[in-house]
Amino acid sequence: MTFDYMATSAAVLYFLGAYLHYIHVATIFHLLEREDEMNPARARMHSIVWPWTVIKFILTDIFGSDDDD
């Protein structure tokens, strides 16, 4: 059995991305002085699926909001 460097690199980068996403969410709540409103479990869950969250943000920026205000 050989060590798969590419899979290990991808796993480490994904973990670091999830961690960085969580730190960014926590920082936003801190800067808004609304730490008590942050739901840590929800923030962790969104951080686990951070690529999907980032893609949604990008698509919203490109195509606009779906809200009919």
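This write-up is about the structure you can find in this document. (Residues numbered from 1 in each chain as written. Predicted model: local features only at pLDDT ≥ 70, side-chain atom pairs only at ≥ 80, totals over all residues. Heavy atoms only, no water.)

### Regarding the layout of surface pockets
- Empty space within the largest pocket amounts to approximately 410 Å³.
- Surrounding the largest pocket, 17 residues form its lining, His21, Val25, His46, Thr53 and Phe57 being those nearest its centre.
- Looking at the lining of the largest pocket, the elements that each hand over two or more residues are α1 (5-31), α2 (40-48) and α3 (50-63).
- Ranked by residue count, the leading element in the lining of the largest pocket is α1, at seven residues. (1 Å grid on protein atoms, 1.4 Å probe; cavity = no way out; pocket = protein on both sides within 12 Å on 5 of 7 lines; lining within 4 Å. Points joined across faces, edges and corners; volume = space filled by probe spheres on them. Helix = DSSP H or I, 4+ residues; strand = E, 2+ residues; numbered from the N terminus.)

### Here's the deal with a nonpolar patch on the surface
- A surface patch of nonpolar side chains, amounting to about 1,000 Å² of accessible area, comprises Met45, Ile48, Val49, Trp52, Val54, Ile55, Ile58, Leu59, Ile62 and Phe63.
- At the level of elements, α2 and α3 are the ones that each hand at least two residues to the nonpolar patch.
- Sort the elements by how many residues they give to the nonpolar patch and α3 lands first, with seven residues.
- Looking at where Phe63 falls in the secondary structure, it is placed in helix α3. (Patch = residues over 30% accessible without salt bridge, like charges linked within 9 Å, V, L, I, M, F, W, Y side chains within 5 Å. Areas by Shrake-Rupley, 256 points an atom, 1.4 Å probe, with all protein chains shown as cover. Salt bridge = Lys/Arg side-chain N within 4 Å of Asp/Glu carboxyl O.)

### A word on the pattern of salt bridges
- Considering all chains together, one arrives at one salt bridge under this definition.
- For the salt bridge of Glu37 with Arg34, the shortest nitrogen-to-oxygen distance reads 2.6 Å.
- For Arg34, a relative accessible area of 37% gives the class partly exposed. (Buried < 20%, exposed > 50% of the residue type's maximum accessible area, 1.4 Å probe, protein only.)

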